[in-house]
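# Breakdown of the fold
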Amino acid sequence: MAGVSHVLSIAKEALLTHQLSIQVASHNIANVNTPGYTRQSLELTTNTATPISSGMLGGGVKATNILRNYDQFMVQRLASQESTLGSLEAQQESMRLVETVFNEAPGLAVNDLMSKFWSSLQELSNNPEISATRQAVVQSSQLIIDQLNTMSGELTQATFDIGISLDTAIGDVNSIISQISILNVEISGAESGGSNANDLRDNRDTLVRNLSKLLDVTFFEDKNGAYTVLMADGHTLVESNQAWQVDWENNELIWVNTNANGVETRRAIGAGAELGGKIGGWLEVRGNLIEGDPDNFLGRLDAFANALIREVNQQHSQGVGLTLFGGTLTGSEQAKNVARLTSSPSLDPVTASVTIPAGSITINDRSVGEIFGAAPTNGLAMAKTYNAVTAINTAETGVEARLTTLVAGGAAVNAANILTGDIISLTVNGVAVNYTVVAGDVANNTNFSTNLATAVNTTLATYNGLATTSNPVTIQAAAGTGANGGVANSLVFYNQNAGDGSSISVDNLSINPAGGGTATTTDLGLNSITGNTYTADATHNTGQLTLYSTSSFTLKAGANDYILAQLGFTGSAFSFDTQTGDGSIKYGPEIGNQGPLLAGYDYFDELDTSGGFDIWIYNNDGSLAMSQPVTVSLERAYDLNGVVRAINTAMTNAGAVTGTTPWVQASISNNTLRLSPSSGHQFGFANDTSNFLQVAGLNTFFSGSSASSIGLNSVITGNLNNIAAATVGSQGQIFRGDNTNSLKITDIQGDEYIAFTGAARNTLGGFYNTLVGQVANTSRTISHTYESTALVNNQLSEMRDSVSGVSLDEEMANLIKYQHAYTSAARLITMSDEMLQTLLDAVG
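In what follows, the accompanying structure is described. (Residues numbered from 1 in each chain as written. Predicted model: local features only at pLDDT ≥ 70, side-chain atom pairs only at ≥ 80, totals over all residues. Heavy atoms only, no water.)

### With respect to a nonpolar patch on the surface
- On the surface, Leu836, Leu839, Leu840 and Val843 cluster together into a nonpolar patch covering about 380 Å² of accessible area.
- On the secondary structure map, Leu840 appears in helix α17 (residues 808-843). (Patch = residues over 30% accessible without salt bridge, like charges linked within 9 Å, V, L, I, M, F, W, Y side chains within 5 Å. Areas by Shrake-Rupley, 256 points an atom, 1.4 Å probe, with all protein chains shown as cover. Salt bridge = Lys/Arg side-chain N within 4 Å of Asp/Glu carboxyl O. Helix = DSSP H or I, 4+ residues; strand = E, 2+ residues; numbered from the N terminus.)

### As for the sheet that holds strand β13 (residues 339-342)
- With antiparallel pairing, the three strands of this open sheet are ordered in space as β13-β24-β16. A strand with exactly one partner marks an edge of an open sheet, and here the two such strands are β13 and β16 (400-402). Along the sheet, successive strands turn relative to each other by an average axial angle of 20°, direction set aside.
- By the bridge criterion, four bridges tie β13 to strand β24 (residues 546-549) in an arrangement that is antiparallel. Paired with Ala339 across the bridge in β24 is Ser549.
- Sitting on the sheet, helix α8 (residues 382-394) touches β16 and β24, and the angle it makes with β16 is about 165°. (Pairing = 2+ DSSP bridges. Axes fitted to C-alpha atoms, helices over the stretch in contact; angles between N-to-C directions. Contact = heavy atoms within 4.5 Å.)

### Some words on helix α6 (residues 277-287)
- Counting buried positions along α6 gives nine out of 11 residues, so the element sits mostly inside the fold.
- On the buried face of α6, the contacting elements are α2 (72-101), α4 (131-190), α5 (198-214), β9 (245-249), β10 (252-258) and β11 (264-270). (Buried < 20%, exposed > 50% of the residue type's maximum accessible area, 1.4 Å probe, protein only.)

### Here we look at the packing of aromatic side chains
- Enumeration according to the criterion identifies 19 aromatic pairs in this entry.
- Look at Phe117 and Trp118: their rings are 5.1 Å apart centre to centre, the planes differ by 50°, and that puts the pair in the tilted class. Neither Phe117 nor Trp118 differs from the other in exposure class; each is buried.
- Between Phe325 and Phe685, the aromatic rings sit 6.1 Å apart at their centres with planes inclined by 55°, giving tilted as the arrangement. Pair noted here: Phe325 is in the loop between α7 (297-316) and β12 (329-330) and Phe685 is in strand β33 (residues 681-686), with a separation of 360 residues, a long-range link.
- Note on Phe325: relative accessible area 10%, which makes it buried. (Phe/Tyr/Trp six-rings, centres within 6.5 Å; stacked < 30°, edge-to-face > 60°.)

### So, the packing of α5 against α6
- The geometry of α5 relative to α6 is characterised by a closest axis approach of 2 Å and an angle of 10° between their N-to-C directions. In terms of axis orientation, α5 runs roughly parallel to α6. Here α5 contributes Ser212, Lys213 and Leu214 to the contact with α6, which in turn contributes Gly277, Lys278, Ile279 and Gly280.
- Each residue belonging to the contact of α5 with α6 can be placed in one class, and the counts come to two nonpolar, three polar and two charged. (Parallel < 35°, antiparallel > 145°, perpendicular 65-115°, else oblique. Nonpolar A, V, L, I, M, F, W, Y, C, P; charged D, E, K, R; others polar.)

### Comments concerning the environment of Leu403
- Following the sequence through the fold, Leu403 ends up in the loop between β16 and β17 (406-408).
- A relative accessible area of 8% places Leu403 in the buried class.
- Residues Leu403 and Thr342, spaced 61 residues apart in sequence, show a C-alpha to C-alpha distance of 9.7 Å.
- Setting aside anything within four residues of it in sequence, one finds Leu403 in contact with Thr385, Tyr386, Val389, Gly499, Asp500, Gly501, Ala536, Asp537, Asn541 and Gln544.

### Some points on the nonpolar core
- With 128 residues, the main nonpolar core has Phe102 and Phe692 as its most contacted residues.
- Ranked by the residues each element gives to this core, the list is headed by α4, at 17 residues.
- Sequence-distant contacts of Phe102, that is, excluding residues within four places in its chain, are made with Met151, Leu155, Phe297, Leu301, Tyr768, Leu771, Val772 and Val775. (Core = buried A, V, L, I, M, F, W, Y, C linked by side-chain atoms within 4.5 Å.)

### Thoughts on the pairing of β10
- In the sheet, β9 pairs with β10 via five bridges, with the strands oriented antiparallel. Residue Val246 lies in a different strand from β10, and its bridge partner there is Trp255.
- As consecutive antiparallel partners, β9 and β10 are separated by two residues, and within that stretch Asn250 has a phi angle of approximately 50°, a positive value.
- Bridge count between β10 and β11: six bridges; the pairing is antiparallel. Counterpart to Val256 in the pairing with β11 is Arg266.

### Focus: empty space enclosed by the protein
- Enumeration over the complete set of coordinates arrives at three cavities of 30 Å³ or more.
- Within this model, the largest cavity holds a volume of roughly 50 Å³.
- Along its surface, the largest cavity is lined by Phe117, Leu121, Leu124, Val312, His316, Phe701, Ile723, Ala724, Ala725, Ser742 and Ile745.
- At the level of elements, α3 (110-126), α7 and α15 (740-746) are the ones that each hand at least two residues to the lining of the largest cavity.
- A per-element tally of the lining of the largest cavity places α3 first, with three residues.
- Of the residues contributing to the lining of the largest cavity, the split by class is nine nonpolar, two polar and no charged.
- The calculated volume of the second largest cavity comes to roughly 40 Å³.
- As for the second largest cavity, its lining consists of Gly319, Val320, Gly321, Thr323, Leu324, Phe325, Phe683, Gly684, Phe685, Asn699 and Asn722.
- Taken together, the residues that form the lining of the second largest cavity break down as five nonpolar, six polar and no charged. (1 Å grid on protein atoms, 1.4 Å probe; cavity = no way out; pocket = protein on both sides within 12 Å on 5 of 7 lines; lining within 4 Å. Points joined across faces, edges and corners; volume = space filled by probe spheres on them.)

And the structure:
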């Protein structure tokens, strides 16, 4: 009702409202420096009007809501930008550590140290007989070794330090996620009455922003005011009052879901910058520092060290020092125990033509390229097996893939023209085989091919058992079935040892018609393969894929065993795989230890067992004990025992024995090869066409195979005279001033065709400088991107603050305005009181 009381009511509401405005402004001023605080303002509206005779009489003012000055779009943009900036910041900090490792500062620069090494070798070439030049070579090489060891150690330490940061960040993420879920509940409860929980929302937005600095996340609000927070790939972190967790292992971020029964589901969701935030940045840099990846910084540094060791050792092992080896020589490299996994019985011939897309298979988390399908050959998926081996080895997975040689006659045997008593003769890898036809063979192709194959196997077994056989011929023969690589009733030859790609040759085929038969060699179906030598390739293999590894490995091929079946890795032979149907296999020496195979050497891929090496034997006075070297053939060598047999038997066959004791006796000690000369004898090496000496660490300069393991062979540090600057002459002569081998070692500096693991051929210096340039470019790109992103982030922050930030000038102006309004409202009350008093006085 209009009147004095109405004026008083309006004045009272105005007083309370403007008092509230002052309180809101005071709250803003108090939180001017509070991180994440959003400026609040009081929403005012007119009060309900009162109808009077003259019209609608206004009811004054009332406060309806305390609002946040909030731009949802800008907050989302800023969170995304914070994620990018956090990632770049983490990468920049970590790359500073990496840059110091590859710092080419004068004195410690690898390029400078390598120059000193090559110069010392050149000086050795000029004066090979002077001890001081040999000492200079050792000192310069030790500087390189120390620097590479230090660099590898610092990269490993950086990896560890990043891991500590990741542990802390993961803990922060899980804590923030939990806090957001709790705030969701509090906000929903506080706002159930219709008011806004502004400060709680500010706290939640601050948590989301902090979370964005650690991971790339998106978020949206549901109808109850609760946030749902998602990772960039869609995995949920928060939904209403529910919170998930994250973890990390094997340089991957893991999303963790725990159900009501406490059972965890762990899913890898990324391993690099794509995750965003500091976690993504740290994982990105750490991925460039972990072992096992030939493409990252540590892998490239190891590749450089590996190539340096290999190239110098291959040449050094061909030479001889100022003194011969008069005591036991132990190889510096160990043939580690090997796990050998072979598909059984072959790659699935039914799906042989099916191509396996690139990325479908990973081994040790290294993606394998496309494996092209091809039609099977007489039941065996030969071409697809070859393609699988090529793809796996190209991927540099840490596992060596090999084929097994198989060759088959081009046609079935024809027993129609043979008679009992005819003699079939041939040689298999030089071993003579003679088979006399029996009655059951005549006109029976199946019996004849089966019996001829049995005769081959029996003859080879007898030959292999002879004491004079230095290189057993580990070949088997079988009658073709049309499904084992040969047409029905053909003759099939294959290597016994899985993964043995050694050559097979069938020669000197003839028939003696002693029984009166008229058969020709054409009837044996072998003419197409005689006179040739076959090694494992796309058309001559058993269709079996063999994987060698000195450590445990995991092969993953999809969500089920379909691709594993194509590879031949399913069935009863793989009973160790207890998780069948999951598309993966874990295997290693702890499951299938084959002992010290040659595949256990770090440089196994450099070994050529079709070659061999010479051992020259001398008397203690330096005179030749024999006019010719003992030539050791490694043909078909498969393990260290085979090498020992080859060396000792070669000694015996050459007459280099005293009684039954070889003048240089081979043995095995702790999976390394040992060569021990008998009393009164010394020895040296020459003409290694197999690279075995380098692979086994015999007569080598360096030891190890990586930046962390590189060292000097103890044979060198123990006696500087063992630096092989010279070579043994064709007649066994050795000259103290001979520099032929040191010159060849020096020439390695300019070799432009050195092979590097996972990279193109280059010089040693060129490869290392490319690595340094890659590190520098990566760091520079990150820094430039960080600077530009920081500018954008600052601009977005300023735009956000222009809407949501507290301006003291503006708040002070508002305070004056609210104060005047409050004073005016108070004056209204005073005036109303005076009016009421006047009215009362008039009535009285």
